[in-house]
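# Structural characterization, general
Letter by letter, the chains look like this.
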Amino acid sequence: MTLAIILLVVAIVLILLGVFVEAAKFLLWIGLVILIIAIIAWLMRVVKRNA
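Residues numbered from 1 in each chain as written. Predicted model: local features only at pLDDT ≥ 70, side-chain atom pairs only at ≥ 80, totals over all residues. Heavy atoms only, no water.

Per an unreviewed UniProt entry, the protein goes by the name Flagellar biosynthesis protein FlhA and belongs to Microbacterium flavum.

Dropping the structure here:
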């Protein structure tokens, strides 16, 4: 669970940097990918806990 939270925080920071810094648009895409990975990791943990 801590990994998902860390990935979520990193993703939010990278998304904000990508939005506010025009020269670093690739950070926006990296942030989105990390956000998706964090959501998948969280969903897998929820499914394993309920199974």
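Anyway, onward from the coordinates.
### Thoughts on the UniProt feature "transmembrane region" (unreviewed entry) in the protein
Rules: UniProt positions are given in the numbering used here, feature names are shortened, and annotations may be inferred rather than shown by experiment. Helix and strand assignments follow DSSP, with helices taken as H or I runs no shorter than four residues and strands as E runs no shorter than two, numbered in order from the N terminus.
Following the UniProt record, one finds the feature "transmembrane region" (unreviewed entry) at residues 28-47. Between the C-alpha atoms that bound residues 28-47 the distance is 29 Å, and the span itself is 100% helix and 0% strand.

### Some thoughts on helix α1 (residues 2-20)
Operational definition: For a helix, the expected span equals 1.5 Å multiplied by the number of residues minus one. Buried means the residue's accessible area, taken with a 1.4 Å probe over protein chains only, is under 20% of the maximum for its type, while exposed means over 50%, and partly exposed covers the values in between. It is the directions from the helix axis to the C-beta atoms whose arc is reported. We call two residues in contact when some of their heavy atoms are within 4.5 Å.
The terminal C-alpha atoms of α1 lie 27 Å apart, and with 19 residues this matches the ideal 27 Å at 1.5 Å per residue to within 8%. Those residues of α1 that fall on the buried side of the exposure criterion are Ala4, Ala11, Leu14, Ile15 and Gly18. What you see down the axis of α1 is that its buried residues fit within an arc of 105 degrees, all on one side. Residues of α1 that are exposed and point more than 90 degrees away from the buried face comprise Thr2, Ile6 and Phe20. On its buried face, α1 is in contact with α2 (25-50).

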